[in-house]
Amino acid sequence: MSETVIRLEQVSYHYPRAKRWALLKINLEIHKGEFIAVMGENGAGKTTLCQCINGTVPNYHEGILKGKVEVLGFDTQTCKVTDLADKVGMVLDDPEAQLFTTSVRNEVAFGAENLCVPKDEILRRIDWALGIVGLQEYIDQPPTALSGGQKQRLAIATNLAMTPSILVLDEPTSQLDPVGTRDVFEVIRELREKEDMTIVLATHKSEEIAEFADKVLVLK
């Protein structure tokens, strides 16, 4: 049995001023290297579950969290969000919300720079991350010049440059056409095969999930 890297025990969460619980009594174990898909209708709690894993729930939203969320040995209720920042990468559904520098190179470097990674190592990580997502030829281009699928791959690369153990993707293909969607799933496949990364993906796209995921968690 491989190492358990994410564990939720009887987890319930209620946002401030919300009328109902966003999550209710969730029990879940995810092992190192697994690809877990999270599915469910809008409002089922997929985004909330993703944010539990990187600690923004409850430390940012300040709602009521019951139960226990443990990620890589950290209790998310007692550790800081910054304690998980270099261990859990987060890719949102809208890449525009995550891209803000003047070039692809600077975008990928930004997170590692904030972690005070040495310059030579940052340059190595830029080449490595862009190689995985297939954007080396765009390294000097502004992110605004990229297509939707390329922007989402760049958002993945910015997380990879921080060398996380876990990558969480919250509906990363919801705004992409079929070509962009396929590109993103191919990147995820490569991460699993070559980097042994644990991946949690919230999505509506069942065809790709049937092909790629090890397990599916359905929220209702």
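Residues numbered from 1 in each chain as written. Predicted model: local features only at pLDDT ≥ 70, side-chain atom pairs only at ≥ 80, totals over all residues. Heavy atoms only, no water.

A. A look at the nonpolar core. Ranked by internal contacts, the top residues of the largest apolar core, which has 39 residues, are Leu130, Val133, Ile156 and Leu191. Those elements that place two or more of their residues in this core are strand 3 (35-39), helix 4 (104-114), helix 5 (119-133), helix 6 (148-160), strand 7 (166-170), helix 7 (178-195), strand 8 (198-202) and helix 8 (206-212). When residues in this core are grouped by element, the largest group, six residues, is from helix 5. Residues contacting Val133, with those up to four places away along its chain left out, are Arg153, Ile156, Ala157, Leu160 and Val187. In this structure, Val5, Ala44, Cys52 and Leu84 belong to the second largest nonpolar core, which totals 30 residues. (Core = buried A, V, L, I, M, F, W, Y, C linked by side-chain atoms within 4.5 Å. Buried < 20%, exposed > 50% of the residue type's maximum accessible area, 1.4 Å probe, protein only. Helix = DSSP H or I, 4+ residues; strand = E, 2+ residues; numbered from the N terminus. Contact = heavy atoms within 4.5 Å.)

B. Fine view of helix 6. For helix 6, with 13 residues, the first-to-last C-alpha span of 19 Å sits near the 18 Å given by 1.5 Å per residue. The element helix 6 is extensively covered by neighbouring structure, given that 12 of its 13 residues are classed as buried. Along helix 6, the residues that are buried comprise Gly149, Gln150, Lys151, Gln152, Arg153, Leu154, Ala155, Ile156, Ala157, Thr158, Asn159 and Leu160. Buried residues in helix 6 make contact with strand 6 (88-91), helix 4, helix 5, strand 7 and helix 7. (Expected span 1.5 Å × (residues − 1).)

C. Highlighting the sheet that holds strand 2 (residues 23-31). Across the sheet, which stays open at both edges, the four strands sit in the order 2-1-4-5 with antiparallel pairing between neighbours. Looking at strand neighbours, the two that pair on one side only are strand 2 and strand 5 (74-75), the edges of this open sheet. The pairing of strand 4 (residues 64-71) with strand 5 spans two bridges and is antiparallel. Following the sheet pairing, Val71 is matched in strand 5 by Phe74. (Pairing = 2+ DSSP bridges.)

D. Geometry of the sheet that holds strand 7. A sheet is described by the order of its strands in space; here five strands give the open sequence 6-7-8-3-9, paired in parallel fashion. On the outer flanks of this sheet lie strand 6 and strand 9 (215-218), each paired with one strand and no other. Across the sheet, the mean angle from the axis of one strand to that of its neighbour is 15°, orientation sign disregarded. Note that strand 3 and strand 8 share four bridges and pair parallel. Bridging from a neighbouring strand, Val38 pairs with Ala202 of strand 8. (Axes fitted to C-alpha atoms, helices over the stretch in contact; angles between N-to-C directions.)

So yeah, pure geometry; function would need other evidence.
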